[in-house]
Structures are given as C-alpha cells and as structure tokens.
Amino acid sequence: MPPTTLMGVTRMVEPRKNYLRPLDLKHGHVDMAHGAGGRAMAQLIDELFARHLGNEWLAQGDDGAVLPAPGAGRLVMATDSHVVSPLFFPGGDIGCLAVHGTINDVAVMGAQPLWLSAAFILEEGLPLADLARIVASMATAARQAGVPIVTGDTKVVERGKGDGVFITTTGVGLVPPGRELSGSRAQPGDAILVSGTLGDHGMAIMAGRENLGFESPIVSDTAALHGLIADLLASGGDIHVLRDPTRGGLATTLNEIARQSGVGMMLQEKALPISPPVAAACEFLGLDPLYVANEGKLVAICPQNDAEKVLTAMRGHPLGACAAVIGTVHHDPQRFVQMTTAFGGKRMVDWLTGDQLPRIC
Amino acid sequence: MKYLAEFRDGEVAKKLAAAIAREVNPERRYRFMEFCGGHTHAISRYGVADLLPENVRMIHGPGCPVCVLPIGRIDQAIQLALEEGVILCTYGDCLRVPASGGLSLLKAKAQGGDIRMIYSCADAVTLARQNPDKQVVFFAIGFETTTPPTAVAIKQAAALGLSNFSVLCCHVLTPPAIASIMEGVDEQLQLDGFVGPAHVSTIIGSRPYEPFATQYRKPVVIAGFEPLDVLQAIRMLIRQVNDGRAEVENEFSRAVDRDGNRKAQALMDEVFELRESFEWRGLGTLPHSARRLRAEFAGFDAERRFALAYRPVADQKGCDCGEILRGIKRPQECKLFGTVCTPENPIGSCMVSSEGACAAHYTYGRYKDG
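Residues numbered from 1 in each chain as written. Chains lettered and ligands numbered in written order. Predicted model: local features only at pLDDT ≥ 70, side-chain atom pairs only at ≥ 80, totals over all residues.

Right, let's talk about the overall build of chain B for a bit. Scanning chain B from terminus to terminus reveals 15 helices and 13 strands. For 370 residues, the compact-globule estimate of 2.2 N^0.38 gives 21 Å, and the C-alpha radius of gyration of chain B, at 21 Å, lies within 12% of that figure. Dimensions along the principal axes, computed over C-alpha positions, put chain B at roughly 65 × 45 × 40 Å. Out of the 370 residues in chain B, the part that is buried amounts to 54%. (Helix = DSSP H or I, 4+ residues; strand = E, 2+ residues; numbered from the N terminus. Rg over C-alpha atoms; globule rule 2.2 N^0.38 Å. Buried ≥ 20, exposed ≤ 12 C-beta atoms within 10 Å, placed from the backbone.)

Laid out in structure tokens, this is it:
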C-alpha cells in the first residue's frame, strides 16, 4: 500500500503488517464476527481455510471457481450435508467424513470425482483449535483422494443454534461415455456384493456419543471409495449398480435399490461380513448391524457370472479385503428384501422405522 | 460372537428341528404361547417358525413392556413433559407409543417437551444431579427385569438427597398377566403350554409358574431368548404334551433357578409395594399386577409429587391390540394391520416395539401373507 503523509507522520491506509493479531488457534473461539463478512472473516479464511485447503482455484479469490471444461462424457453432481456428533470419533472426524461422503456419492455413479465445494456453518463458541483440526483433516482427505476443494463458504450462527459445525460438500465428477450405473438396473439373477464389514462407522459414532466405553474401540471405516470403484470398473465385470450404504445401513440401501429396480432380494445371513466388536456392540445395544451406517463400504450388483471377477477385484484393493457375495436379486413384484437366517429360517429385511432405537430387554 | 453364536447355530437348529419333526404326533395340533416379547422377536428375527412342523403353532403373548402400557399412562408422561416442564427420561421403545390427541412422547418432544431417551435409569439420576433447577422424572416401565434397576436408582437418589428426581412407576408383574390369559381367554385359545419368560425368570425364579402347571394343568418351559433356546423349549413342551405331563421345566438353567435373584427381589420389596389394581392394555384392569413406590419413598413418586390423576383411555377404534395381546387374533387379522397401522404410523402399541407382535410380523414376516 502506498504510504500517505499527513503532518509529517507516515500512516498506512491498511493496518501495519503486525497490527492484525494472528488467530489464536490454541485458545480462541469462533465468534459472530467470523461470519460477518468483515476483516475477521477474511482473516479466518486466510489463516485457517486457505492455509490448509489452498490450491490454484481457491486462490482465484472470486465468488466462484472457474474450472476447465472436462473431457467427453457426462457430469455427475452430488451434495451431502454432514451433521455428525461427536465431531471427532475413532477413525475420523466430520472433516474427512465430509470429503469422503461426497466423493463416494459421485464415484458410485461411475464418475471420476474432479472437484469439491465446502460450506461451513459454524456455531459461535466452537474452539478454533477444533476447527483447524477439522479443516486440516479435510485437506488431508482431499489431497489423498486427489480431489481439490475449489470453492467454499462460511457462516456463523449464534451459540445454541448449531452443533459445533455443520459441513455441506458438493462434488462434481465425469462419467465416461457408455458407462451406465444406476439403482434402477438391478436385474433378477444378479449377485449382490459388499466390499467389507458392516456397521463400523455407526457403532464408532454410537460408542463415542453414548460414552458407553466399549473395551475394544470400534473404528469408523470412513474412506474415499473412488480408487476401489475404479478397480471394480476395470475388472471387466458388467456392474449394474454401485451404492455406498451410509445412513440406514445396508438394509436401507438394498431396499432403495429393490424399489428403484422393481425387484426382490434374498440375502444369506451367514455371508454377511460383520466384525466381532461391532456384532458384540450391536448385541449389547439391541441394534441390528444391517441398519447401522457405513462410510467406506460399497454395495455392488452385477450378473451372477461376473460376481467372481468383481469379488476378486474388490479383494485386491485394500478397502475391499473383507468383500463378500451376500445374496441374489430375484423377481418379486412386492420388492421385498428377505434373508435366509444363519439359523435356517427366513425373514424380511425391511425399511428402517424412524431412528433405530435400542430395545428395552 | 462367543457365548452367543453357540445359541444361534444353524446346524444344531437343523438337527433339533428334525428331532421335533420326529417327535410330534401328526394326529394332533400343538398350540404354545410365548409370553415374552423377547421370544416373539427371536422367533421372527431368526425365522424359528420356519423350522417347526405344520401342526405346531406359536401364539404371541402379552409380554412386551411397551405394548401392555395403556394410553392413560403415556398421557401422564406427556402431561409431565408438556405441562409440568420436567425433563422426562425413558427407554427408547416408549417414545413412539401412540397416546391421546394424536400425540406420542416423540411428538411431544417435537412440541417442545424435554424428553430424553436413556439407556439406564442411572442416567436419569445423573441428569437430576446435573440439572438441580429442573425436575427430572424417570418414566419407569417394564416387567420384573427392569424393576430392580429402578429400585436402585430411587435408593441412589435418596442417598444423594435429590429433591428434583422422581419416578412415574409403571412396573408390572408377569404372573398376574399369565393368570389373566389362563382365566380369561384360554377357552378360545386352547393353549397346550407356555414358553416361560427368560430375563424375568432370572429375577423371580421358576417357582411363581408352578401354580400354572398344577392349577391350570399347563406345561411351562422357561427358555432363554436365543433361537436355539426357543426351539429346545418347544421340543420340551411337545414332550410334556405327548407324555400328558404339566410341569414347570427350565431350559434356561444357565441363568434361572427356582428361587431367582433374592437380592433383586428384596430390593423391589424394599422400594415398591403392589398396587391394588392396574390397567393393562389388552388385559383390562388386573388386581395386584403392578408396583408403586412405598410410603417411605413417596418423595420420589411422580404421581404424588405432581398430583397426577389416572384417566383410562379407550384404544383407537378398529385397533385389535387387545385381542392380539391376548393371543386371540394374529396381527394380520387386524383390519388396520399394514394399512393405516404401520411402524411409521403406529395406531396401536403392538406396532411400536420390535418385541410387539404386530411390529415383529410387519418387519420380519409379512412376506408370508401373500
């Protein structure tokens, strides 16, 4: 800035370099000024968001990111809001979750995820140290996934009107020509596969939230799945449906696909991969792991003949080591998802009712 | 999962089912009632009925804690939350039970009532300590299984001198409910025996069921909540029927003996006394079938603290929960089942808890209805 001279005193139009005290990332808290559009907000963006997330598109500094037009194919766009409590849990935090969740929503459409946006709603009083940890975690997740966060927004709400921080991410990806994945493409005779153990994320959150102090800590499976998905698509198997069974668990995802495709499904309880700690925790709380959320798992549906190929590809990726074929698709105008129990009987695997509540006795 | 997988083993189940198929007399029918919702849930979730011969039928009984709770009691809890402004704590299953005026505790919560789902009644005591300027009421429901912990919470609150903690006590007793089935509807049901409660029996023991064997000549086999327990108990009942015996047998001997948990019984007796009578959903008003706080603990009795009056409310028109709880009707025989009454929009209590006969059939078995 050019100095101006007034009555012999040199003054700066802008505060002197050291006039603005840096954010106190150790003991500071988010306050209303951080969302007011003034210097405090600019400082938060510079010292926290840009520092961690910085890339050429964010550095453009305009209202929107100007991105190169991707090549041939169709664009996929998906958005997801994250409101998890607690913000930090074994195996992850709301930051990496917000990156993984949206990358996965784009990737299960068969798309290569290209860019993300991130919008933050911060609650007054949130420790800046927590925010920094969350944003750093997002940055790491985005970098590891190779999907930059190119634009963002920050708002602050009064204390008591948020839950620390809410993060909405939107992702854009490119599906190459000729690739058709959809929840409406499951066909009678298809095989149903999952990429690994069920219920890890939900139980990790539950254990953290309810302070139940399980002895063997359950770790969230939060992960970006586009690498695994690329391997599956390269396997040569004719994959009809890919979906990540998040909130509501595997049961909800399969019911959605059954409805969309107008088919029934029969699962084999014996084949379901569930880790012993998750099984034990669910048992303890009276929950069914089929309805517990995952954040790094994939459901794949493909013709029976290709199942082996797809399974091998899944198992060949570190995120798919515990993959299994868990059932088949059949004709059923009622679109019921059913299961042959390990006990030898049959039952439905119905839609989730409300929140899954623990049983009394 | 060790200690549980053993009781869910499909190979053992197959052998047991084959043994049952060999032992049943094809000339007759066997009708057994599983009293407990826990058994109803296990039968539905594991598909136990699919392993039984055609002539063995299981009839769901009334032993589901939230199912037998009449509307008037939920109304009291809602009144406390909405009108008295208390923090009302209860177990998860209670939240969705329909009450008067289209309300439930969940809907009352949305209207601003401070209603909290807890896992243990000790959490309610903790809440009372953390909120000294608020009244905290624990809405206590359930059979003998959940009663001793409530007694512990009350004693703990007394020891701490908490003046802002109280209990809306709706704890009920199992034997009067079984007696009511035997006396009231057995002519219609023509039961051949009972699968006796699992967890309840760990508290009260097997002795209280003995009159049902001697007086009513009905076999009772106490069974655990795992599917192999249920299957084995059914086999034991079939044997009793075939032999013409009516005894109390104990399949759940790994947890239940004749006397039960005397310490827990003493605790219940210390804190609670029997109510003259109590209204149950489906079973009507039964004498000496529920507990209330003794005079020594009157200070922790929400009914006294807030001068709550009990107002009985009739079940919704068309709702057959009463008949279903008594085993007279099957869930799918209710006109409302699966049409207006679903787990998302329950009209009656049996559609709420996963232990309720209607919810269990809707969630796990309705594919059989065609």
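Taken as a whole, chain B shows an average pLDDT of 94; of its residues, 99% reach a score of 70 or greater. Among the prediction metrics, the complex's ipTM stands at 0.81, with pTM recorded as 0.86. (pLDDT = per-residue confidence, 0-100.)

Residue and element names in this part refer to chain A. Core analysis: the biggest nonpolar cluster contains 229 residues, and M138 and L193 have the highest contact counts within it. Shared between two domains, this core holds at least three residues of each, these being domain 1 (32-63 + 75-175) and domain 2 (190-348). In this structure, L193 is in contact with A300, A307, V310, L311, M314, A323, A324, V325 and I326, ignoring residues within four places of it in sequence. (Core = buried A, V, L, I, M, F, W, Y, C linked by C-beta atoms within 7 Å. Domains from an automatic or database assignment. Contact = placed C-beta atoms within 7 Å.)

Next up on the list: the domain arrangement of chain A. All names here are of chain A. As assigned here, chain A comprises domain 1 (32-63 + 75-175) and domain 2 (190-348). Each partner contributes residues to the interface: domain 1 has 19 residues there, and domain 2 has 22 residues. Counting only elements with at least two residues in the side of domain 1 that touches domain 2, the list comes to α2 (94-107) and α3 (128-145). No other element matches α2, which puts seven residues into the side of domain 1 that touches domain 2. Grouping the amino acids of the side of domain 1 that touches domain 2 by side-chain chemistry returns 12 nonpolar, seven polar and no charged. (Nonpolar A, V, L, I, M, F, W, Y, C, P; charged D, E, K, R; others polar.)

The next point concerns the packing of helix α1 (residues 39-53) of chain A against α3 of chain A. Residue and element names in this part refer to chain A. At a closest axis distance of 8 Å, the pairing of α1 and α3 adopts a crossing angle of 20°. Classified by the interaxial angle, the pair formed by α1 and α3 is roughly parallel. Judged by the twist between their axes, the crossing of α1 over α3 is right-handed. Here L48, F49, H52 and L53 of α1 lie close against α3, whose contacting residues are L131, A132, V135, A136, M138 and A139. Each residue belonging to the contact of α1 with α3 can be placed in one class, and the counts come to nine nonpolar, one polar and no charged. (Axes fitted to C-alpha atoms, helices over the stretch in contact; angles between N-to-C directions. Parallel < 35°, antiparallel > 145°, perpendicular 65-115°, else oblique. Left-handed = near helix turned anticlockwise from the far one by under 90°.)

Residue and element names in this part refer to chain A. Tracing the backbone shows V292 in the loop between α7 (276-285) and β12 (299-303). Distance from V292 to S184, taken between C-alpha atoms, is 23 Å for residues 108 residues apart in sequence. Excluding residues that lie within four positions of it along the chain, V292 makes contacts with G199, G202, M203, G249, C282 and L287.

The next subject is helix α8 (residues 307-315) of chain A. All names here are of chain A. All of the buried residues along α8 are V310, L311, A313 and M314. Angularly, the buried residues of α8 cover 160° about the axis, an arc narrow enough to put them on a single face. Taken together, the buried residues of α8 touch β9 (190-194), α5 (226-234), β12 and β13 (324-330). (Arc of directions from axis to C-beta.)

So, on to the interface of chain A and chain B. Listed per partner, the contact involves 24 residues of chain A and 36 residues of chain B. For the side of chain A that touches chain B, the secondary structure elements donating two or more residues are α7 and β15 (346-348) of chain A. If you tally residues by element for the side of chain A that touches chain B, the top one is α7 of chain A, at four residues.

Here the focus is the packing of helix α2 (residues 37-46) of chain B against helix α15 (residues 357-365) of chain B. Residues and elements named next belong to chain B. The geometry of α2 relative to α15 is characterised by a closest axis approach of 9 Å and an angle of 10° between their N-to-C directions. One element, α2, and the other, α15, form an angle in the roughly parallel class. In this structure, α2 contributes T40, H41, S44 and R45 to the contact, and α15 contributes A357, A360, H361, Y364 and G365.

This part is about the sheet that holds strand β9 (residues 248-250) of chain B. Residues and elements named next belong to chain B. One open sheet holds the five strands; their spatial order is β2-β1-β7-β8-β9, and the pairing between them is parallel. Sheet topology places β2 (56-63) and β9 at the edges, where each strand pairs with a single neighbour. On average, adjacent strands in this sheet sit at an angle of 25° to one another, irrespective of strand direction. Pairing of strand β8 (residues 220-222) with β9, which is carried by three bridges, proceeds in the parallel orientation. (Pairing = 2+ DSSP bridges.)

Take the sheet that holds strand β4 (residues 114-117) of chain B next. Residue and element names in this part refer to chain B. Overall, parallel pairing links the four strands, which are arranged β4-β3-β5-β6 in an open sheet. Strand pairing shows two members of the sheet lacking a second neighbour, β4 and β6 (165-171), which therefore form its edges. Each strand axis lies, on average, 20° off the axis of its neighbour in the sheet, ignoring direction. The pairing of strand β5 (residues 136-142) with β6 spans seven bridges and is parallel. What sits directly across from F139, in β6, is L168. Across the sheet, helix α5 (residues 121-130) is in contact with β3 (87-90), β4, β5 and β6; its angle to β5 comes to roughly 170°.

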